[in-house]
Structures are given as structure tokens and as C-alpha cells.
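The chain contents come next:
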Amino acid sequence: MGRKNVLWADERTLSKDISGKVYIVTGANSGVGLETTRQLLKQGGHVVMACRRTNAAEEVAQSFSGLKGSYKAMRLDLADLKSVREFATEFLQKYDRLDGLACNAGLVTMGGGLQRTKDGLETTIGVSYFGHFLLTELLLDLLKKSAPSRMIILSSVVHAGSKKNRHMVHLEDLNYTTRKFNNFAAYSEAKVATILYAMELAKRLEGTGVTTASVHPGWARSNFGSGGNLLIRMIMAIMRPLTASMSDSNEEAAQTSLHCLLSDDAPKHSGAYFSQSSVLYSDKVCKNGGWPMTSPNPNATDMDTAKKLVDASYDIVGLKKN
Ligand SMILES: NC(=O)c1ccc[n+]([C@@H]2O[C@H](COP(=O)([O-])OP(=O)(O)OC[C@H]3O[C@@H](n4cnc5c(N)ncnc54)[C@H](OP(=O)(O)O)[C@@H]3O)[C@@H](O)[C@H]2O)c1
């Protein structure tokens, strides 16, 4: 049986005809991204499934037959900035509009030490934030040209931490060159970064018709965290039935993204954090979630840090600031 207080996108949102509109969903072959894609296709949209394993995208796409919309699988490895640039170039050659960019992919590196992307970035923040940062910046002109359009980026409840331990981006060492590495702290920090980026980008895009949102999808029964070693995979398998009553189906976990991509209300709150309800918030007041809601973590609401993070990110991904 599912959880009682799951937030669902309303019927009007989920029945809009979006024929002719074009979306990109990163990590569309699995979990939240797959169910986000499926709903966009149900409503007639065209979805570019931006995946590092296009064969996995083609495999899951077999379940789309009969849906009104259409899809194209295109290769995107967010842990390789060259791949991000190649994806953006190919997309811009093939498409002349982009109505919604869902920066959905993410991972936590399980059971190992520090891992680095091809460009030497710490992998967790490299994929969840830096890869999506470059992707978004390269597609911004098309988003503006297609306005009203939307960009969403996935965060997580864990960004919030607790009153005693609020996570933060470490501007002085974003990629763990000198700090001690911890998988879960790195994941939480990456998810603070995605919230800050949505905030900063919204401010920069004021008046353009392009709006942004960051999203906590819920506790999804997806493939998340399944990349660990055998011991971790066994622990995850044992935990899954025990946590079933507190966690969400992938369809439920796609609701917040769908609300942010399709509802009439979400653009009125550009830059905000939208959260599914979650027992995992240590702050009681947050447990019911909110579309939008204020993060309880002051490090995730500070515009000065957001601006500094984005300024540093241009250099890190090798982009010129406009
Ligand atoms: N599950 C949860 O409870 C939960 C909670 C809060 C937030 N989130 C966030 O929700 C988002 C979706 O996660 P999920 O639960 O749907 O997990 P998932 O089933 O593991 O899906 C993650 C997706 O990200 C893709 N990905 C990972 N590394 C990539 C890379 N280098 N380049 C391109 N794609 C890459 C994966 O591709 P492969 O299939 O090739 O690995 C997969 O398609 C993530 O950002 C996650 O952090 C999840």
C-alpha cells in the first residue's frame, strides 16, 4: 500500500495537451526520469531521452507503444563535459525549440572512496550539478527563444540535513581536492548546489519567460543507490521491503517534476524549491512537503552563495560568462 500523504499533480496539469512541445529528460531510462518521460508522452509531448546508455533507453521505450507522444534517445554522459557539449551541439542541430529541460539524472557513489569524472571533478557533484550546469547554459538561448519554457533540476530531501548539521557548498574546495571525502555528505552538498543554481538562474532569467525549479521527488523505489558493491546491494535489497510503506513508487516520485514542468502555478514561483512529502526531513515542519516550500537549510537559500557558486562554475566547466 502506498503512503497516504503523497502530493499529486492535479488533473488539469496531467491532462494538458502538449503536442508539438519538446522536452529533454536526463536519466530518462530509469526511476523518476522514466516516469516523468512516460507522462509527457501520454500528454503528446516529444521527449529527448538524454541517457548515458542509449540501449537502456531504447529498451524501456518499448513500454511506450500506444502513447500519444514521441521520443528520441540521445547519448549524454554528465560525467564527461565533452559528451555534454556534443549532446548540446547535436540537439541544437536537430531541434528548433525546447519547452522543458528536466535535469533529472543523479547518483550517489556507494561503498567506495572518492571518484572523479573524466574532467577530474568529484563525480557526485560533477553529474548532479556541473554536468547539468553546462548543459543548461548551452541550451539557454533556445529556452529563451521557446519561452514560455521551463528548466527543473533534481535536488533531494537530504540537502536539508538537521539543525545540528546543515549541508553547504564548500566554495573553497567544491571538488574535494583537500577535504576528506564522504559519499553521503558529497551527495547532500551536490543537492544544495542544484537548489542554489535554480535560484540564481531564475534571477538571471527574470523577464525572459524562462522559469526554473528545484525538486525533491520523494523516496523513490528506483534504481537509486544500486551501483554499490555486493554488500551494499544486499543491504539495499533487505531494506527495500522494510521501507516500502515510507517510500514512493516511481510514478509518485515523478509528480513533483511533472507539476514543475506542466502546471500553470509552478512558473509563478520561479527559482523555488518544490518538495514531495517526506518522513526523511528532520525538521517536522517540512514533512508534508510543499509546492513550493522554503528549505529549512539556510545554506540553500542564500543568494550570495548562489551567485558565487555560479561564478565559480563557469570557470570549472570552461564557459565564458556572458
Ligand atoms: N530515489 C530517491 O529516493 C531520490 C530521492 C531524492 C532525490 N533523488 C534524485 O532523483 C533523481 C533521479 O533518481 P532516481 O531515483 O530515478 O534514480 P535512478 O533510477 O538510479 O536513475 C538515475 C538516472 O541517472 C542516470 N545517470 C547517472 N549517472 C549519469 C551520468 N554520468 N550521465 C547521465 N546519466 C546518468 C542513470 O543512468 P544509468 O541507468 O545509466 O545509471 C539513471 O538514468 C536523481 O537526481 C536523484 O539524486 C532520488
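Look up a bit, the structure's there.
Residues numbered from 1 in each chain as written. Predicted model: local features only at pLDDT ≥ 70, side-chain atom pairs only at ≥ 80, totals over all residues. Heavy atoms only, no water.

Visitor: Would you mind showing me how to read the site of the ligand here?
Guide: As a matter of local geometry, the ligand sits amid 28 residues, with N29, S30, R52, Y187 and S222 nearest to it. Contacts to the ligand include S30, whose side-chain N or O atom sits 2.6 Å from an oxygen atom. When the ligand sits alone it has 890 Å² of accessible area, and the protein chains cover 93% of it. Taken together, the elements giving at least two residues each to the shell around the ligand come down to α2 (31-42) and α6 (183-204). Looking at the shell around the ligand residue by residue, the classes come out as 12 nonpolar, 12 polar and 4 charged. (Near = heavy atom within 4 Å. Polar contact = N/O pair within 3.5 Å; in protein donor to acceptor, adjacent residues only side chain to side chain. Areas by Shrake-Rupley, 256 points an atom, 1.4 Å probe, with all protein chains shown as cover. Helix = DSSP H or I, 4+ residues; strand = E, 2+ residues; numbered from the N terminus. Nonpolar A, V, L, I, M, F, W, Y, C, P; charged D, E, K, R; others polar.)

Visitor: How should I be thinking about the environment of E172 in this particular structure?
Guide: Looking at the element boundaries, E172 is found in the loop between β5 (149-154) and α6. Expressed as a C-alpha distance, the spacing of E172 and A312, which sit 140 residues apart in the sequence, is 9.7 Å.

Visitor: I would appreciate a short explanation of the layout of surface pockets in the present structure.
Guide: Left-over empty space is what a probe sized like a water molecule reveals as it rolls over the atoms. Put simply, the second largest pocket is a space of about 190 Å³. Lining the second largest pocket are 14 residues, and of these K21, P148, R150, L261 and L262 lie nearest its centre. Of all the secondary-structure elements, those providing two or more residues to the lining of the second largest pocket are β5 and α9 (255-262). Grouping the amino acids of the lining of the second largest pocket by side-chain chemistry returns 6 nonpolar, 3 polar and 5 charged. (1 Å grid on protein atoms, 1.4 Å probe; cavity = no way out; pocket = protein on both sides within 12 Å on 5 of 7 lines; lining within 4 Å. Points joined across faces, edges and corners; volume = space filled by probe spheres on them.)

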